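Residue-level structure breakdown
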Amino acid sequence: MRNNMRMTKLILACATCGLALSQAALADWPMYQGDPVHSGLVTNLDRQVEFPWARPGKTIYAVQVGEDITSGAAYANGRFYFGLWQDKVDYFAALEASSGDLAWKVKVGGKVMAPPVIVGDRIYFGADDWCFYAMDLEGEIAWKFATRDVIRASAAVAEGRVFFGSFDGTFYALDALEGTLLWKKETRRAIATAPVVSQGVVYFGSDDEHLYALDAASGRELWKFDTRHFVVSSPALQDGRLYFGNSSGTVFCLKAGDGTLAWKHQTRGEAVESAPVVDGDTVYVVAAPHGVCALEALTGKLKWQEKKEYLSADIIAAEGVLYVSDYNNGLRSVEAATGLELQSLDDSDRDVTDAPPVLVNGRIYYFSHGGVANCLVAGRPVNEFSETELLDR
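Residues numbered from 1 in each chain as written. Predicted model: local features only at pLDDT ≥ 70, side-chain atom pairs only at ≥ 80, totals over all residues. Heavy atoms only, no water.

**So, the overall build of the protein chain**
Assigned secondary structure in the protein chain consists of zero helices and 35 strands. Taken across its 393 residues, the protein chain has 63% of its residues classed as buried. If you take every contact in the protein chain between residues at least 6 apart in sequence, the share linking residues at least 24 apart comes to 47%. When the accessible surface of the protein chain is split by element, carbon and sulfur atoms take 47% of a total near 15,100 Å². (Helix = DSSP H or I, 4+ residues; strand = E, 2+ residues; numbered from the N terminus. Buried < 20%, exposed > 50% of the residue type's maximum accessible area, 1.4 Å probe, protein only. Contact = heavy atoms within 4.5 Å. Areas by Shrake-Rupley, 256 points an atom, 1.4 Å probe, with all protein chains shown as cover.)

**What to know about the pattern of salt bridges**
Inspection of every chain in the model, using the stated rule, returns eight salt bridges. Measuring nitrogen to oxygen at the nearest pair gives 2.7 Å for the salt bridge that ties Asp 128 to Arg 152. Here the residue Asp 128 occupies a position in the loop between strand S9 (122-126) and strand S10 (131-136), and Arg 152 occupies one in the loop between strand S11 (141-146) and strand S12 (156-158), the gap between them amounting to 24 residues. Overall, the relative accessible area of 33% leaves Arg 152 in the partly exposed class. What you see here is one network of salt bridges that share partners, running through Arg 148, Asp 168 and Glu 186. (Salt bridge = Lys/Arg side-chain N within 4 Å of Asp/Glu carboxyl O.)

**A word on the sheet that holds S12**
One open sheet accounts for four strands, arranged S12-S13-S14-S15; its pairing is antiparallel. Two strands lie at the open edges of the sheet, namely S12 and strand S15 (181-186), each paired on one side alone. Between one strand axis and the next, the sheet turns through 15° on average, direction left out of account. Relative to S15, strand S14 (residues 170-175) runs antiparallel, the two sharing five bridges. (Pairing = 2+ DSSP bridges. Axes fitted to C-alpha atoms, helices over the stretch in contact; angles between N-to-C directions.)

**What to know about unusual backbone geometry**
The omega angle of the peptide bond from Ala 288 to Pro 289 is 0°, so this bond is cis rather than trans. By the secondary structure assignment, Pro 289 is in the loop between strand S25 (282-286) and strand S26 (292-296). Even without a glycine there, the phi angle at Asn 77 is positive, about 55°. Its place among the elements puts Asn 77 in the loop between strand S4 (74-76) and strand S5 (79-86). Its identity as a non-glycine residue notwithstanding, Trp 130 has a phi of 75°, on the positive side. Relative to the elements of secondary structure, Trp 130 occurs in the loop between S9 and S10.

**So, the pairing of S26**
Taken residue by residue, a regular strand's side chains alternate between the two faces of the sheet. For S26, the tally of buried residues reaches four of five residues, placing the bulk of the element in the interior. Of the strand pairs in this sheet, S25 and S26 are connected by five bridges, and their pairing is antiparallel. Note that in S26 the partner of Tyr 284 across the bridge is Ala 294. Two successive antiparallel strands, S26 and strand S27 (residues 302-305), enclose a turn made up of five residues, where Gly 300 displays a positive phi of approximately 85°.

**Focus on the sheet that holds strand S30 (residues 330-335)**
Pairing within the open sheet is mixed, and its five strands lie in the order S1-S28-S29-S30-S31. At either margin of the open sheet sits one strand with a lone partner, and together these are strand S1 (41-42) and strand S31 (341-345). In this structure, S30 lies alongside S31, joined through four bridges in antiparallel fashion. For Leu 331, the partnering residue across the bridge sits in S31 and is Leu 345.

**Describing the confidence of the model for the protein chain**
Of all residues in the protein chain, 80% have pLDDT values of 70 or greater, and the mean over the chain is 83. Note that pLDDT drops below 50 for residues 1-26; the model gives that stretch 86 contacts with residues more than four away or on any other chain. pLDDT under 50 marks residues 382-393. Its contacts with residues more than four places away, or in other chains, come to 37 contacts. (pLDDT = per-residue confidence, 0-100.)

**Notes on the side chain of Asp 168**
Residue placement: Asp 168 occurs in the loop between strand S13 (161-165) and S14. One polar contact links Asp 168 to Tyr 172, side chain to side chain, over a distance of 2.6 Å. In this structure, Asp 168 is in contact with Thr 147, Arg 148 and Asp 149, ignoring residues within four places of it in sequence. (Polar contact = N/O pair within 3.5 Å; in protein donor to acceptor, adjacent residues only side chain to side chain.)

**Some points on the environment of Gly 291**
If you trace the backbone, Gly 291 turns up in the loop between S25 and S26. Classification of Gly 291 by relative accessible area gives buried; the value is 0%. Sequence separation of Gly 291 and Lys 308 is 17 residues, and the distance between their C-alpha atoms is 4.7 Å.

**A word on the packing of aromatic side chains**
Evaluation of the coordinates by the stated rule reveals 21 aromatic pairs. Between Phe 171 and Trp 183, the ring centres sit 6.2 Å apart and the planes meet at 35°, which makes this aromatic pair tilted. One end of the pair, Phe 171, is in strand S14; the other, Trp 183, is in strand S15, and 12 residues separate them in sequence. Ring geometry for Tyr 243 and Trp 263: centres 6.1 Å apart, planes at 50°, overall tilted. Separated by 20 residues along the polypeptide, Tyr 243 in strand S21 (residues 241-245) and Trp 263 in strand S23 (residues 261-266) bring together distant segments of the chain. Per residue, the accessibility class of Tyr 243 equals that of Trp 263, and both read buried. By way of ring pairs, the aromatic residues Tyr 124, Phe 132, Trp 143, Phe 145, Phe 164 and Tyr 172 are connected into one cluster. In this structure, Lys 105 packs its charged tip against the face of Tyr 91, placed 4.4 Å from the ring centre. (Phe/Tyr/Trp six-rings, centres within 6.5 Å; stacked < 30°, edge-to-face > 60°. Lys NZ or Arg CZ within 6 Å of the ring centre and 35° of its normal.)

The structure is reproduced here in C-alpha cells:
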C-alpha cells in the first residue's frame, strides 16, 4: 500500500465533457444490499442522467480517494459514506457526488469495515474500536456505544431502534436517538451478520450456528434454527421466507413466521458468506470458492452453478444481470438466467473490497482496498470492459 498517494476528486462524469450529476438525479442506496430486507435488487435502473458516449459495461472513471477504502459504501442525499484509512489514521468519510470533493472526514477509534446505514439525518456504523457510532450528515458524532469486541457487520434501524451484533457474541438494541441500551441478547459466539427487521421481528445469524428471530421491542426469543455450522451469511427476506447460508456451504430457506425449514441445498462450496439475492423465482448465492449458483426460490432445486473460484464475494442484481465483486476476480457481470459470464474486469492489483458494490441511477460503484473508487455503466454489455483510467485530480 503506497503511503504517498494523494487525495483526489471523485468525478462522476467524463472530465473531458464537463458534465456532472445533480444530487436530485440520483436514487439512494442507504444501507447494506440497498434496503432493509437485503434484496440487493434493482428492478429498474432508472437512468435519469445519460452518458451518450458511455455504453453499458464502459468505465466512466477510476479515481484515487485515499490509501484504503475499508468498507462498502452507502449513498444518500448526494453523498457516498464509507470507512477510510489515510496516513495511518482511521476515518469515516463523506464524498460529494456532484463535485467529487471530500465533504468531511471524522477520525474514529478503529477501522470501519461494514457499510453504514443512513436513516433520516443519522448515519449508523460500527468499528474495530469496539464502539458503535451515530453521526449526523455533517460528521458530528451524536453518540457512541461501547461493546466488548469489534463490530464487522451492518446494522438495521426500525421503529426508533438500532439493531446490531458484535464479535463479543451479543446482539444489541439501542435507542436510535440517544444511543441508550434497550435490550441485548447473548449468543456466546461472534455475530458477523447484518440483521433484517420486518413486522416487529428482528432476524440475525451467529457463529453459535443458529439463526434467531427476536421480538424487536423486547428482545424475547421467538424461535431459533440450528444450522450445525457458523451462520456467516446475512439473511435476505422475501415473501415471508428467509434465505441465508452457513459455513458448510449450505443454503437454507426458512418460513419467517415460525422458523420451520422450507428447504435446504448443499452447494459445492465450502461456505456461503454473502447475503442471497432473490429475484422472482430464483435465489442467487456465492458458494465460495466455487462461484455463483442459482436455485429455485420455492424448492431449492439447482438451476445452474458457475465454475469460478472466489475468495469472497457479494452480489447485486438489475434487469437480468448479476454484478459480483471480490478481491480475487475484481468485478464481473453474469447473465442471471444462464450463469454465462458477460464481462470481467480484473482489478486484483487493486484488491477490490469484499463488500457489495453500490448500484445508483444506472451506475455500478465498487471500491478497492487500494483506495480507488470505480464507476461503470450498468446494464447488459455491448463490448468488453474498457481499460480503466486512473484520474489524478
